[in-house]
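Listed below are the residues making up each chain.
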Amino acid sequence: MFKSFFPQPKLYFASFAVWSLLCVCAWFFLFRDLGDSLSLGPLFGMGFPDLPTEANAEISGALQSAQTYAENFYFYQYFIITILLFCGFWFWYSPHRWQRWSVAGSAVIIFVNWFLVQLDVMINEWFGDFYNLIQKALGAPNSVTGEEYYWTIFTFLQIAMVYVFVATIFRFFVSHYVFRWRNAMNDYYMRHWPKLRRIEGASQRVQEDTQRFASITEGLGLSFVDSLMTLIAFLPLLWGLSAQVTELPIIGEVSQGLVFVVIIWSVFGTALVAVAGIKLPGLQFNIQLTEAAYRKELVFGEDHEDRAQPLTVKELFDNVRHSYFRLYFHYVYFNLVRIFYLQFGNLIPYIALGPTIISGAITLGVMQQIIRAFGRVESSFQFLINSWSTIVELMSVHKRLMAFESVIGPDDLAPDEFAPQQPAR
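Parameters and conventions
Residues numbered from 1 in each chain as written. Predicted model: local features only at pLDDT ≥ 70, side-chain atom pairs only at ≥ 80, totals over all residues. Heavy atoms only, no water. Helix = DSSP H or I, 4+ residues; strand = E, 2+ residues; numbered from the N terminus. Buried < 20%, exposed > 50% of the residue type's maximum accessible area, 1.4 Å probe, protein only. Contact = heavy atoms within 4.5 Å. Areas by Shrake-Rupley, 256 points an atom, 1.4 Å probe, with all protein chains shown as cover. UniProt positions renumbered as here; feature names shortened; annotations may be inferred. Expected span 1.5 Å × (residues − 1). Axes fitted to C-alpha atoms, helices over the stretch in contact; angles between N-to-C directions. Parallel < 35°, antiparallel > 145°, perpendicular 65-115°, else oblique. Left-handed = near helix turned anticlockwise from the far one by under 90°. Nonpolar A, V, L, I, M, F, W, Y, C, P; charged D, E, K, R; others polar.

Per an unreviewed UniProt entry, the recorded name for the protein is Peptide antibiotic transporter SbmA, and the organism is Flavimaribacter sediminis.

Below, the structure written as C-alpha cells:
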C-alpha cells in the first residue's frame, strides 16, 4: 500500500515529521529575525523598510504593509528552500519510480495547503475590519462612506477569487496524485498476481480496494495536514485575541482563557466520540467479509449451474443484512453523541465570551475574529471527531489489503524493483 508509492515509507514519514519539527523550531528560534540579511525580497521589490519611530498614520500604515509583504516573502522563501532540501535528499538517498508524485507531489500538497490556510487567516482579519465598519456605520449614521463600504467588500472578493482559483487547481492536482497512488498499488499487485489470484476476492481488492484506500488516505491525510496547519496559523492568532478576554463564566478572571477552553473542550469531545465509536471498525470489516462471500457465490453462479442456489444465496444475503443492521444500530448512538457534541460546541465561544460581551469590552469585529479563530482551532483539535466515520472505513480497507499483502511477504521484492525505470506517468 505504501512502499509501492513511497520510498522506504517508515523512514520517509519519520524523517518528514522530524524535518518538519526542526524547520519550525529553526524558523522561530534562528531564521525568523534574519530577513534583512537572508531574504531575496529586495530583488523583487519586497525589501524590509525602515520603520520610523514617528510618522503620520498614512505613512505608518504603508510602511507596515510593506513590512508584512517582506516578511511573507521571506517566510515563503524559507518554506520552499526547506521543501527542496527534503525532496532533494530523498531523490538522492532512495530513488523510486514514483518519487516525482510521492515525494515532490506531497511537498506541493503541503505547500499549497499552507497557502490556502494563510488566505483563510486573511479572511478572518477581513471579518474583523468589516464588522467594525458595520458597527461604526450603525452607531453613527453617515459616518461611513459608500466608497469605504464597497471597497471593503471588494477586498474580500479579491481574496476569495484567489482562494477559489488556487483551491480548484489544487483539487485537480490532488485527483491526479490519488490516481498515481492507485496506479502504483495496481502495478505492485499485478507483479505478484500469480500468488495473489488465489486469495478470496482478489480481483475486487486490486480493482476496488486500491482505489478506495488511495482516495480515503489522501482525504484523511489532506484533512490532517490542513488541521495541523490551521492550528499552527490560528492558535497564535487566538492567543493574541484572547488577551482581550479577561473573564470566563463561573471561573472568573483568567489570562488567555479562550485557548484553554478550546483545548479542554476538544480533548473531552475527542475522547467521548472515540469511546462511542470504538466498535465501528470491526463492524465495518465484518460487512466487507459478508459482502465478499455473497459476491463470490454470485460470480461462481454465472459459470456453474450448481452454484448460487436460492437457499445458499438467501443465507449469504441474510449475513449481509445482519451485518448492516448491527452497524446501523451502533451508528445510532455514535451519531447521537457526535452530532449533539458538535451542535452544543457552536455555543461554547459565545458562552465563554459572555462576560466580555456584556461588559462591552470588545467590538463586533473583534468578536467575529475571535469566534472564527476559535472555530478554526476547535475544528483542528477535533480532527478525529470530524473524520471518525472515514477512519472506520479506512481501517476496514486496510485490514483487507494487509491480509492480501501477507501472501506476498516482505522479502519477495528485488532491491531495485521500485527504482526509476521509466518516467512516472
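Moving on from the coordinates now.
Another point: the overall build of the protein. Helix and strand counts for the protein stand at 14 helices and two strands. Residues classed as buried in the protein amount to 41% of the 425 residues present. A separation of at least 24 residues holds for 80% of the contacts in the protein among residues at least 6 apart in sequence. Accessible area for the protein stands at about 24,000 Å²; split by element, carbon and sulfur atoms hold 66% of it.

Below, the discussion takes up the UniProt feature "transmembrane region" (unreviewed entry) in the protein. Mapped onto this structure's residue numbering, the UniProt feature "transmembrane region" (unreviewed entry) falls at residues 12–30, 73–93, 100–117, 149–174, 220–239, 259–278, 324–341 and 347–367. The span residues 12–30 is 100% helical and 0% strand by assignment, and the distance between its end C-alpha atoms comes to 26 Å. Summarising residues 73–93: 100% helix, 0% strand, and an end-to-end C-alpha distance of 30 Å.

With 20 residues, helix 8 (residues 257–276) extends 29 Å between its outermost C-alpha atoms, agreeing within 8% with the 28 Å of an ideal straight helix rising 1.5 Å per residue. For helix 8, the full list of buried residues reads Gly257, Leu258, Val259, Val262, Trp265, Ser266, Gly269, Thr270, Val273 and Ala276.

Moving on to the packing of helix 4 (residues 99–139) against helix 13 (residues 364–381). At a minimum axis distance of 6 Å, the contact between helix 4 and helix 13 shows a crossing angle of 155°. When the axes of helix 4 and helix 13 are compared, the pair comes out roughly antiparallel. Read as a crossing pair, helix 4 and helix 13 show a hand that is right-handed. Residue-level contacts link Asp120, Ile123, Asn124, Glu125, Phe127, Gly128, Tyr131, Asn132 and Gln135 of helix 4 to Leu364, Gly365, Val366, Gln368, Gln369, Arg372, Ala373 and Arg376 of helix 13. Looking at side-chain class alone, the contact of helix 4 with helix 13 contains six nonpolar, seven polar and four charged residues.

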